[in-house]
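Listed below are the residues making up each chain.
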Amino acid sequence: MGTNILYIEDNPDNMILVKRVVEAQGYTLFEARNGLEGVAVAEREEIHLILLDINLPDIDGYEVARRLRKSSKHTLAYIPIIAITANALKGDAEKALSAGCDVYMSKPINIHELRARVEGFVSVPKEQG
Amino acid sequence: MDFSFVTNLVCSACGKAYSVGEVNTYCTDCQTPLLTNYDLEAVRKHVDRDEFIKRPRGLWRWHELLPVYDPGNVVSLGEGDAALLRLHNLGEEIASHQLFVKDESSNPTGSFKARGLTAAISKAKELGIQKVIIPTAGNAGGAMAAYAARAGIKAHIFMPKDTPQANIIESRMAGAEVVLVDGLISEAAGMAGEKARAEGWFDLSTFKEPYRVEGKKIMGYELAEAFGWTLPDVIIYPTGGGTGLIGMWKAFAELETLGWLENTQRPRMVVVQAKGCAPVVKAFQAGASFCDFWLNAHTVASGLRVPKSFADHLIMQVLYESNGIAVAVTDEAILAAQHQIGIHEGIFAAPEGAATLAALQTLIREKWVLPDERVVLFNTGSGLKYLDH
């Protein structure tokens, strides 16, 4: 079985960048363009890691993280969540972590750091085989 | 002869090349900092290392190794060649018998930030950039405002609302638009980035443009020259964004390639941070390549309130390559050290500079620094800029 990553992000440029990185590592990327869609995909699919933008067009990333943690799908209570934000507002990092995210990264996304963070949570599929 | 031997920019992670004749920020592929390359072979052929000392004082006497092609684009306020002072009294007191301070407080706007901003603004002028923006913990904003004013470039600055008054006043005095942010430099960075994208300002954030580090690297050249083309055993450096640390390490690599050093012994580099904001120290202790964002950052040393540097992986690389170490010191130790360096040597150091003395004392106690090693502390600015603390 493959390793599935969900990226909840409304910015298409960031989506393309991250898709290129994680797919090159051998992960499968699921995309969601807003918070509600993200929660739905996480509940429907077998996801192993979530990358979460905070500034989303409907519910914000904090609310997404809270809903995921309280979801009736119990695996979402402990699925790793990496918050990725432009940290334009005071206390974004603190809020993201207290909402249930595991790690906080700021934009621009350093792809080498992203790779390392992702590998820290879910092993690289290409190396498994 | 060419004024500069700059050749191109390369991504510090993936090695992708970029032109120095175009406006660039950071690598578009992997979003990591760009570093500047020079034709060092040509420099070696055309320039005698012992010529530099005969030139008029200042950072731009190293122009072959800086990124500006046309001398007419150099925007200078007389920066560089900050005093390298032997600290006899203090050295006796703490049993460090070859102790020096590079006292950067003599730079225009009273801090080492002048070095980075003279390079960045000069190159911005050369590239035809009309307006620049920066998030700052304080001194970089003041320096950017001053150099932008001299270049006739519009300046916009985002800084934490509790930034020292001197930084706010000096920036406004130089005509910059200053926005005080309810948050830290990380929040200021987010706001500056948004404004830059929306209105076309050029973002001079640490390592989000390639040239500030070039100005800072000259500290490394000055040290090598002052020590007869050798390098000290230990350099103790207060680290927020890490431009100076990375810049000096780059300078040492260039010096080695140029063949200008008498030996290849590189210094052990010491990162000093405040206990209230020590992401590099935490990463170093964990053996990590990147830093975690530091929550609730607080310290009297406003320049050290950087929860995560954009170039954190380069800082970590310098620490590991140099067999260095990262040390966190308390605000109490910083303030005590500030008083100590004043009493013994008559230097009114910035708290960030004083932090290096506090760290040295820890490292001497732990025998990581030995009494006869040649040690250089960096006082990055004047204590006069922090009178409201």
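Residues numbered from 1 in each chain as written. Chains lettered and ligands numbered in written order. Predicted model: local features only at pLDDT ≥ 70, side-chain atom pairs only at ≥ 80, totals over all residues. Heavy atoms only, no water.

Explain the sheet that holds strand β1 (residues 6–11) of chain B here, please?
Either a parallel or an antiparallel arrangement is found when strands of a sheet pair, and the pairing is made through backbone hydrogen bonds. Residues and elements named next belong to chain B. Sheet architecture is open: three strands sit in the order β2-β1-β3, paired in antiparallel fashion. Two strands bound the open sheet, and with one partner strand each, they are β2 (17–18) and β3 (34–38). Sheet topology note: the β1/β2 ladder contains two bridges and is antiparallel. Residue pairing for β2: Leu-9 is matched across the bridge by Tyr-18. (Pairing = 2+ DSSP bridges. Helix = DSSP H or I, 4+ residues; strand = E, 2+ residues; numbered from the N terminus.)

Teacher, can you tell me more about the pairing of strand β3 (residues 49–53) of chain A here?
A regular strand carries its side chains on alternate faces of the sheet. All names here are of chain A. Burial analysis of β3 places five of its five residues in the buried class, which makes it a mostly covered element. Burial along β3 is two-sided: Leu-49, Leu-51 and Asp-53 and Ile-50 and Leu-52, pointing in opposite directions, are all buried. Pairing analysis gives four bridges linking strand β1 (residues 4–8) to β3, with the strands arranged parallel. Along β3, the bridge assignment pairs Tyr-7 with Leu-51. As defined by bridge partners, β3 adjoins strand β4 (residues 81–85) across four bridges and the pair is classed as parallel. Of the residues in β4, the one forming a bridge with Leu-51 is Ile-82. Each parallel crossover has a hand, and for β3 linked through helix α3 (residues 61–69) to β4 it is right-handed. (Buried < 20%, exposed > 50% of the residue type's maximum accessible area, 1.4 Å probe, protein only. Right-handed = clockwise from strand over helix to strand, strands pointing away.)

In this structure, what is going on with helix α5 (residues 165–173) of chain B? I would like to understand it.
For an α-helix the count is 3.6 residues per turn, leaving residues at separations of three or four pointing the same way. Every buried residue of α5 of chain B is accounted for by Asn-167, Ile-168, Glu-170 and Ser-171 of chain B. At the C-terminal side of α5 of chain B, Gly-175 of chain B shows a positive phi close to 90 degrees.

Where do I start with the interface of chain B and chain A in this structure?
Accessible area lost upon the coming together of the parts is a frequently used measure of interface size. The interface of chain B with chain A comprises 25 residues on the first partner and 21 residues on the second. Taking both partners together, chain B and chain A bury about 1,800 Å²; carbon and sulfur atoms supply 55% of that area. Among the residues chain B hides against chain A, the three largest losses belong to Gln-31, Phe-290 and Phe-293 of chain B. Together they make up 27% of the total. Run the count over chain B and chain A and you get two salt bridges. The partner of Arg-117 of chain A in a salt bridge is Asp-292 of chain B, and the shortest N-O contact between them spans 2.6 Å. Viewed at the interface, chain A and chain B are joined by seven residue pairs in polar contact (both at pLDDT 80 or more). (Contact = heavy atoms within 4.5 Å. Buried area = accessible area lost by both parts, 1.4 Å probe. Salt bridge = Lys/Arg side-chain N within 4 Å of Asp/Glu carboxyl O. Polar contact = N/O pair within 3.5 Å; in protein donor to acceptor, adjacent residues only side chain to side chain.)

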